[in-house]
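Per-entry structural report
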Amino acid sequence: MNINEFKEAFHVTTTEEILYNFPSRYENIKVTPFCLNPVDGQKLVYKGLPSKIQRIYRGNSMIRFNLSTSNRNLPCLIINQLFYLNKLIKNEELLFVLYYSATRHVYVVNSIYDLDSTAAISGIKPIYSLPKGVSNSQFVSYLKRELFSPFSKMIGYRSTIPNKYIAKYHLLDEYTSLKYVHFPMDGETLKKGLRVFKYKEALEYCVNALLIKKSANEIKRQAIPIDHKKINAFVANLPYKLTKDQNSAVKDIILDLEKDHVMYRLLQGDVGTGKTIVSFLACYGNFLRHKQTVYVAPTYELARQHFENAKKIFKDVGINIAFLSGNTSSKEKTQITLDLSNNKIDLLFSTHASLSDYINFSQLGLVIIDEQQLFGVDQRARLLRKGQGADLLMMSATPIPRTLSQIINADIDVSLLETFPQGIRNVKTLLVRSTDTIIDKAIKKALAVGRQVFVVAPKIETGNNKSSNVNAIFDDMVLRYGQDKCQLLHGKIKKEVQDQIYQAFLSGEKPILVSTTVIEVGIDVSKACLLIVYDANYFGLSTLHQLRGRIGRSGDFALALMVYDGEDKNSIKKLQFLCDNLDGLAIAQFDMEQRGTGTYGGENQSGKSELKVCDFVKDIEMFKLAKKDAAEILDNPNDKENKIFLDSVIKKNPTYLV
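On a predicted model such as this, the values are computed, not experimentally measured, just so you know.

Of regular secondary structure, the protein possesses 23 helices and 20 strands. For 658 residues, the compact-globule estimate of 2.2 N^0.38 gives 26 Å, and the protein sits close to it at 27 Å. Within the span of the protein, comprising 658 residues, buried residues form 52% of the whole. Put simply, of all contacts in the protein between residues at least 6 apart along the chain, 72% involve residues at least 24 apart. Accessible area for the protein stands at about 30,900 Å²; split by element, carbon and sulfur atoms hold 50% of it. Separation of charge centres in the protein, based on 86 positive and 70 negative side chains, amounts to 2 Å.

With that settled, the discussion passes to the nonpolar core. Core analysis: the largest hydrophobic core is formed by 50 residues, its most contacted members being Leu19, Phe139, Leu178, Phe197, Tyr199 and Phe623. Counting only elements with at least two residues in this core, the list comes to helix H1 (3–10), helix H5 (136–148), helix H7 (174–182), helix H8 (187–218), helix H22 (620–635) and helix H23 (640–652). Residues in contact with Tyr199, not counting those within four places in the same chain, are Ile161, Tyr165, Tyr169, Leu171, Met622, Ala626 and Asp629. Of all hydrophobic cores here, the second largest spans 39 residues; its members include Ile226, Val235, Ile253 and Phe349.

Unusually for a residue other than glycine, Asn80 sits at a positive phi of about 55°. Topologically, Asn80 is positioned in the loop between strand E4 (73–79) and helix H3 (85–88). In this structure, Asn343 is a non-glycine residue whose phi angle is positive, near 60°. One can find Asn343 in the loop between helix H13 (330–341) and strand E11 (347–350).

In this model, the protein carries a mean pLDDT of 86, and residues with pLDDT of at least 70 account for 90%. Here residues 596–608 is a poorly scored stretch, pLDDT under 50, and it has 32 contacts once near neighbours within four places are set aside; other chains count.

Turning to the environment of Ile277, a few remarks are in order. In this structure, Ile277 sits in helix H11 (residues 275–288). Taking the C-alpha atoms as reference points, Ile277 and Ile473, separated by 196 residues in sequence, lie 35 Å from one another. Sequence-distant contacts of Ile277, defined by excluding residues within four places in its chain, comprise Leu238, Tyr240, Leu242, Gln246 and Ile313.

One covalent bond between the sulfur atoms of two cysteine residues makes up a disulfide. The full count for this structure, using the stated rule, is 0 disulfides. Among the cysteines around Cys579, which has no disulfide bond, Cys529 carries the closest sulfur, lying 17 Å off. Cys579 sits in the buried class, given a relative accessible area of 13%. With no disulfide of its own, Cys614 lies 8.8 Å from the sulfur of Cys206, the closest cysteine sulfur. Note on Cys614: relative accessible area 1%, which makes it buried.

Take the pattern of salt bridges next. Applying the stated criterion across every chain, the model contains 22 salt bridges. Across the pair Glu16 and Lys153 runs a salt bridge whose closest N-O atoms are separated by 4.0 Å. In this pair, Glu16 is assigned in helix H2 (residues 15–18) and Lys153 in the loop between H5 and helix H6 (163–168), connecting sequence segments 137 residues apart. Lys153 gets classed as exposed once you look at its relative accessible area, which sits at 60%. A salt bridge links Lys168 to Asp629; the nearest nitrogen and oxygen atoms lie 3.7 Å apart. Of the two residues, Lys168 is situated in helix H6 and Asp629 in helix H22; the sequence distance between them amounts to 461 residues. Overall, Asp629 belongs to the buried group, its relative accessible area being 1%. The structure contains a network of salt bridges with shared partners spanning Asp440, Lys444, Asp476 and Arg480.

What the 6 strands build is an open sheet, ordered E15-E20-E19-E16-E18-E17; its pairing is parallel. Strand pairing shows two members of the sheet lacking a second neighbour, strand E15 (427–432) and strand E17 (486–489), which therefore form its edges. Recorded for the sheet is a direction-independent mean angle of 15° between the axes of neighbouring strands. Relative to strand E19 (residues 530–533), strand E16 (residues 453–456) runs parallel, the two being bridged by 4 bridges. Each residue of the ladder has a partner; that of Val456, found in E19, is Val533. Across the sheet, helix H18 (residues 495–507) is in contact with E16, E17 and strand E18 (512–515); its angle to E17 comes to roughly 145°.

Here we come to the pairing of strand E8 (residues 264–269). Burial of E8 is extensive: 6 of the 6 residues sit out of reach of the surface. Burial along E8 is two-sided: Tyr264, Leu266 and Gln268 facing one way and Arg265, Leu267 and Gly269 facing the other are all buried. Where E8 lies against strand E13 (residues 391–396), 5 bridges are found, and the strand directions are parallel. Among the inter-strand pairings, Leu267 is bridged to a residue of E13, identified as Met395. In terms of strand pairing, E8 meets strand E14 (residues 413–417) through 5 bridges, oriented parallel. If you follow Arg265 over to E14, its bridge partner there is Asp413.

Let us now look at the packing of H22 against H23. The N-to-C vectors of H22 and H23 enclose an angle of 110°; their axes lie 9 Å apart at closest approach. One finds that H22 runs roughly perpendicular with respect to H23. Contacts between H22 and H23 involve Glu632, Ile633 and Leu634 from the first element and Asn642, Phe645 and Leu646 from the second. For the contact of H22 with H23, a count of residues per class yields 4 nonpolar, 1 polar and 1 charged.

Time to look at the side chain of Arg550. Mapped onto the fold, Arg550 is located in the loop between helix H19 (541–548) and strand E20 (558–563). A polar contact of 3.2 Å, which involves the side chain of Arg550, links it to the backbone oxygen of Gln546.

Let us now look at the sheet that holds E14. One open sheet accounts for 7 strands, arranged E10-E11-E9-E12-E13-E8-E14; its pairing is parallel. Edge positions in the sheet fall to strand E10 (321–324) and E14, since each has one partner strand and no second. Neighbour-to-neighbour, the strand axes of the sheet open up by a mean angle of 20°, direction not taken into account.

Procedures and definitions
Residues numbered from 1 in each chain as written. Predicted model: local features only at pLDDT ≥ 70, side-chain atom pairs only at ≥ 80, totals over all residues. Heavy atoms only, no water. Helix = DSSP H or I, 4+ residues; strand = E, 2+ residues; numbered from the N terminus. Rg over C-alpha atoms; globule rule 2.2 N^0.38 Å. Buried < 20%, exposed > 50% of the residue type's maximum accessible area, 1.4 Å probe, protein only. Contact = heavy atoms within 4.5 Å. Areas by Shrake-Rupley, 256 points an atom, 1.4 Å probe, with all protein chains shown as cover. Lys, Arg positive; Asp, Glu negative; His and termini not counted. Charge placed at Lys NZ, Arg CZ, Asp CG, Glu CD. Core = buried A, V, L, I, M, F, W, Y, C linked by side-chain atoms within 4.5 Å. pLDDT = per-residue confidence, 0-100. Disulfide = S-S within 2.5 Å. Salt bridge = Lys/Arg side-chain N within 4 Å of Asp/Glu carboxyl O. Pairing = 2+ DSSP bridges. Axes fitted to C-alpha atoms, helices over the stretch in contact; angles between N-to-C directions. Parallel < 35°, antiparallel > 145°, perpendicular 65-115°, else oblique. Nonpolar A, V, L, I, M, F, W, Y, C, P; charged D, E, K, R; others polar. Polar contact = N/O pair within 3.5 Å; in protein donor to acceptor, adjacent residues only side chain to side chain.

Laid out in structure tokens, this is it:
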């Protein structure tokens, strides 16, 4: 590819910008000790000499060969990677990344490296997420050419980070750091390289967040009183009593809505603490001051569920409610757009579709973002710019320490829900094997009393590993409990069909739902009493805790079964901690302590936040420093170096409110 094609593929204007496409992750390819009895799916890295190479055709293009290591000969298989054939027949010792397949009794090759390659020497392989049309080899060749040429434009490049902080934290120059990030010589050089860009990103994030808060605080508007008697009457007519935390949060939000400056508040609470009804009362308060609300959720399922629940809650108060998603027909979108601009819609529930430029409001007064950690700062700002002086209420079920929340959200006001509407959650969690009879007994008991069952698997298709395969597990459930009892759900199923599946599950018509993690966020089925998660070790603790939040929501006893057939001590320790704890904050803190062990970091958060190399949890200390530095920069905006940095932030992310 030529330079112009690269720029077009990466959507950049300069060639230097391409160098900042950092690895999405780093794979550890250091040679592992020889394992005599590997378990299914276990990753191994061996040096060896290939022999008895044979190309075969059986549906897939495959290569069989023996790998001679220092210990023994191993039967190996390469599937659909015929380009490795030329490397194998050179009769040279190579580095192999393998996964053991217990069903085939062979070692399946994932990747092969020359022993003198940078990755093999360092034991670290950068993995990139690249735009369509750009191959890994093309990109790596480009990086080598741009970074190691004596004529590289990056030599002597001046970072936008003020020199004061470069000296304070002993940061490397960005040219050297780029080489270390893309071509690490070892773990230490990678750490030093990433440190520069982590700090830069943390500083940019904190400056951006403080700019948004500063701008929001400066916006003045007409204070509009809200009829508290109507709010109290609405609460009194609810079919349940609000907790003390919920009442306190509602009071704080309503008082904020009445002020002459905008609200910037986070509603935070563990799974099942009742954030939704608090947010609905915020919608009602906004309606009483004759303003429109946009209520955004990260998934179609969650946005639709909120929409359906709101129609029931608000059926007697005259609120006009609409729903918008990417699947909404063109005709409906046109009508919704017209009704919003004519103030005929009071409350719009939506996915990311409401971010679109064609969606405009007549009197937008409140923006509500559910699962706010799945939205970037820029996306929040784009929604707020659709209204003059609109208030912001963000919600999150991710339990994190308040200090971390203040960093992420720039010291915004926080309403915390700590108590459950039904009292203590009566959910028991057990770690079991797939052969344990408790699985069948629990399903039969749930069906006998007319309750729903969630069955979760990590992936839609996983080859021969049936314990991770949602399709295979569904087939097994149908065989055991009947087609009339079971449904299959995953992200590739059409949205209109997903709606039908949810309704059949919610009504109890088909009480066993076999799915991927599409049910993780916000799905509310009060009668669900059983959760079975296959290959539970595949998931993070926060995801498992979210999944567990789908059951026992009525306050009745519920059972969560974490299925794991492996022997890995760290996985067992992690899952057992989940079994022994229901406190989301304790689980999050345990996850903070355990996460990242044995990895190099640099996980790309694309699609979840604007961060590329930083991590709010793992890099919390860096964020604490960056937050203080960001405040210093904003306090001295006319300083020459501060101004250069501020200008670069605003140019890159013009998301602050003006």
